Amino acid sequence: MILADRKSGVIVAGATGRQGLFHIGLMNDYAREVGGTGVVAGVTPGKGGQEAAGVPVYNSIREALREHDAQASVIFVPASAAGDSIMESAANGLELAVAITEHIPVHDTMKAINYARLYGTTVIGPNCPGLISPGEAKLGIMPAHLARPGPVGVVSRSGTLTYEIVDELSRAGIGQSTVVGIGGDPVIGSTFTDILARFERDPTTKAVVLVGEVGGALEQEGAASTSLPLVAYIAGVSAPPDKRMGHAGAIVEGGEGDARSKIRALEGMGIAVASRPSEIPDLVRPYL
Amino acid sequence: MKLREFEGKRVFAEAGIPVPRGRVIRPGDEPGDLDEFGDEVVLKAQVDVGGRGKAGGVVICPTAEAPARAGDLFGTTIRGLPVTEILVEERLPIVHEYYCAVMVDRSTSQPVVLFAEAGGVEIEETAKNDPDRVRRVGISPLLSGLPPFAVRDLVGAAPKALAPIVSALYRAFLANDAILAEINPLAILEDGRVMAVDAKVIVDDNALARQGIAQNRDLSEREREAERHGFSYVELDGDVGVVGNGAGLTMATLDLIEHYGLRAANFLDVGGGADRERVAHAVRLLALSPGVRVIIVNLLGGITRCDEVALGIVDAGVRQRIIVRMAGTNEEEGRAILGEHGYEMYGSMDEAVAAAAGGTR
């Protein structure tokens, strides 16, 4: 298991919006189920003193940390302020900031990520579903009932496609150590390379499923960086060039980042690449 | 969103980068007095495609012939796009062509500045075959501009007059929320002046509002309509409509459609928490697209309520065959509603797409 466990205390930024309220509830349902810490406080500037889904709300992370012990934030604040929220998390010494928010301008994201690096804060996302360590902790919006504890790490640029693959694995009796959605934006705080390095240091993780898509070259870079057994799936074989496929980062630009060349590159490294999600469990099983 | 050349040059000029003197003309415009541009002019079709020069979109002619030649150019299409705007510019005596660009580097999460001593049409070949001839310097986005050492490292032994252009291009990149700002060629003229002869600027789609851009021109009318409903939508050329939730799952559905020998008509991601109304909207939007014969709905999520989705599909009331795969809360209720109305529902995406393949072959 990587990034978070049942001892991790979480602050939700953007706690009083619809999304924030709803997911504080779900995260704390999960924390109660597994005996974890869960969300200890919410933050919304100007709403200090209120309550959100059963947790106290503060005006700032700084105020929240005076009353609570927390190591991570989960960020639901609107796109125009989300970069600021990542920087606030870092400046207050949180180890981990998980940015769920979509549509953050990429210049804001670059600034926030590089600022967070100065403080040693790990950023997951933006435009991501967060992470779950089955039986330990859930930070974000992944549906918890699909995941089972086990030896396979999952790292993905996607949301629902990750749930699909986790569901396939769980149905096949293959549990997960941690499932991480790194986000669908072109610039993200933690790449495949970063997450794979953590899985490599994690004694419970025996193999990793890498779920990529069109755009960029992070899949090949990640695969080349690790000695862990990998199984990959790349979405977007049928995606036309120069069209953004839902995610800001899912675009074949200047003839680069198409799915077939990624698949060729991965297969060239000896990695099994599934041609559809349902093939993944059988490809992973030999490594367990 | 891609800016057109003349818009990109306006952005460059604002940042202090010299650009050729010129004017945009549209069909029916009086071109007016072009003599101020000298004896010869360049007519450049303002279409949003690459390889414009090779496709006949750039014409060099004596100034006196310019109105007639522009008239001809307006009647043509460049790689399928009609020419509705032409940039008329002075023709410049170029001695050497350099290349300079700033872009977002996904691998390092920083901007990267590129500079090459040999610019022009062959730059892509150079970048591929001889990457060392393109100098690259990554810049911390926490800085408000290029530090002098970076400019020295980029420009190297090239003329010093290029240095302020490189700095200005970086400022333009920051000020315009660009994901790419490129000058190719960056020209040195006979008289020693430096000039951005072409301009390519792509603005981050997530920053259009704060850049004062009301409408994303890169999207079709139907794609914009979908965006207003909060959908991500891309038109394709097949006959199988697709509604999915989440970009990755929707792409995977498209790929599965291809895997089964079918062709998708579109990519439509309804986004999170799809409810009755959104699903009905999405299905109707696809049903109205020309050539859609069958629609596959593939929704997965812990919080998606299958009974809501089923009601949305029934509400849409379209004539095409609809094949549904969904998983989530109230799956049984959803299946009952769909069954009552004669719709097909499957438990896995493989089964759903296979059913479409069986039925349309």
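For every chain, the first residue of the written sequence is number 1, and numbering continues from 1 onward in sequence order. As they are written, the chains are lettered A onward and the ligands numbered 1 onward, keeping that order. It should be noted that, the model being predicted, local features are given only for residues of pLDDT at least 70 and side-chain atom pairs only at 80 or more, the latter also being counted only at that level, while totals for whole chains, interfaces and linings use all residues. Side-chain descriptors were evaluated using all non-hydrogen atoms of the structure, hydrogens and water having been removed beforehand.

Novice: Kindly report on the overall build of chain B, identifying the contributing residues and their values.
Specialist: By definition, any uninterrupted DSSP run of H or I lasting at least four residues is a helix, any uninterrupted run of E lasting at least two residues is a strand, and each is numbered from the N terminus. The helix and strand tally for chain B stands at eleven helices and 18 strands. For a compact globule of 361 residues, the expected C-alpha radius of gyration is about 21 Å, and chain B comes in at 26 Å, more than 25% above that figure. Judged by the C-alpha coordinates and their principal axes, chain B covers about 80 × 50 × 35 Å. Type-normalised accessible area, obtained with a 1.4 Å probe on protein chains alone, sets the label of each residue: buried when under 20%, exposed when over 50%, and partly exposed for intermediate values. Scored against the burial criterion, the 361 residues of chain B give a buried share of 53%. The long-range share in chain B, meaning contacts at least 24 apart out of those at least 6 apart in sequence, stands at 65%. In this tally Asp and Glu are treated as negative and Lys and Arg as positive; neither His nor the chain ends contributes. The atom standing in for a charge is NZ when the residue is Lys, CZ when it is Arg, CG when it is Asp and CD when it is Glu. Taken together, the 39 basic and 55 acidic charged side chains of chain B have centroids lying 1 Å from each other. Values of the radius of gyration come from C-alpha atoms, whereas the globule rule sets the reference at 2.2 Å times the count of residues to the power 0.38. Contacts are residue-level and defined by heavy atoms, with any inter-residue pair within 4.5 Å sufficient.

Novice: I'd love a proper account of the side chain of Gln110 of chain B, names of residues and values included.
Specialist: With respect to the helices and strands, Gln110 of chain B occurs in strand S8 (residues 110-116). Among the residues examined, Gln110 of chain B registers a relative accessible area of 18% and is labelled buried. Other than its neighbours up to four places away in sequence, Gln110 of chain B contacts Met110, Asn114 and Arg117 of chain A together with Met103, Val104, Asp105, Gly138, Ile139, Ser140 and Pro141 of chain B.

Novice: Describe the sheet that holds strand S4 (residues 55-58) of chain A, with residues and values.
Specialist: Strand pairing in a sheet relies on backbone hydrogen bonds, with the paired strands running either antiparallel or parallel. Residues and elements named next belong to chain A. Here a strand pair is declared whenever DSSP counts at least two bridges between the two strands. Taken in spatial order, the seven strands line up as S3-S4-S2-S1-S5-S6-S7 in an open sheet, and their pairing is mixed. Two strands in the sheet have a free side with no partner beyond their single neighbour: strand S3 (51-52) and strand S7 (122-124). Pairing between strand S5 (residues 72-75) and strand S6 (residues 96-99): four bridges, direction parallel. For Val74, the partnering residue across the bridge sits in S6 and is Val98. To obtain each axis, a line is fitted to C-alpha atoms, and for helices this fit is confined to the stretch in contact; angles are then taken between N-to-C directions over 0 to 180 degrees. Lying over the sheet, helix H3 (residues 79-91) contacts strand S1 (9-13), S5, S6 and S7, oriented at roughly 175° with respect to S5.

Novice: Before we move on, can you summarise the domain arrangement of chain A with the specific residues and values?
Specialist: Residue and element names in this part refer to chain A. An automatic or database domain assignment supplies the start and end points of every domain. We note that the domain assignment places domain 1 (9-124) and domain 2 (142-287) within chain A. Of note, the centres of domain 1 and domain 2, computed from C-alpha atoms alone, are 26 Å apart. Every contact between the two is made by ten residues of domain 1 and, on the other side, 13 residues of domain 2. Simply put, the buried area is the total loss of 1.4 Å probe accessible area from both parts when two parts are fitted together. Around 810 Å² of area is buried between domain 1 and domain 2 when both sides are counted, 59% of it from carbon and sulfur atoms. Throughout this description, the term salt bridge denotes a Lys or Arg side-chain nitrogen within 4 Å of a carboxyl oxygen of Asp or Glu. In this structure, the connection of domain 1 to domain 2 is made through zero salt bridges. Definition of a polar contact: a pair of N or O atoms within 3.5 Å, with one able to donate and the other able to accept a hydrogen when the atoms are protein atoms, and with sequence-neighbouring residues admitted only if both atoms are side-chain atoms. There are two residue pairs in polar contact (both at pLDDT 80 or more) connecting domain 1 and domain 2.

Novice: Go over the environment of Ile78 of chain B with me, naming the residues and quoting the values.
Specialist: All names here are of chain B. Structurally, the position occupied by Ile78 is in strand S4 (residues 77-78). Its relative accessible area of 2% is what places Ile78 among the buried residues. Excluding its chain neighbours within four sequence positions, the residues that come into contact with Ile78 are Ala45, Val47, Val49, Arg52, Ala55, Gly56, Gly57 and Val83.

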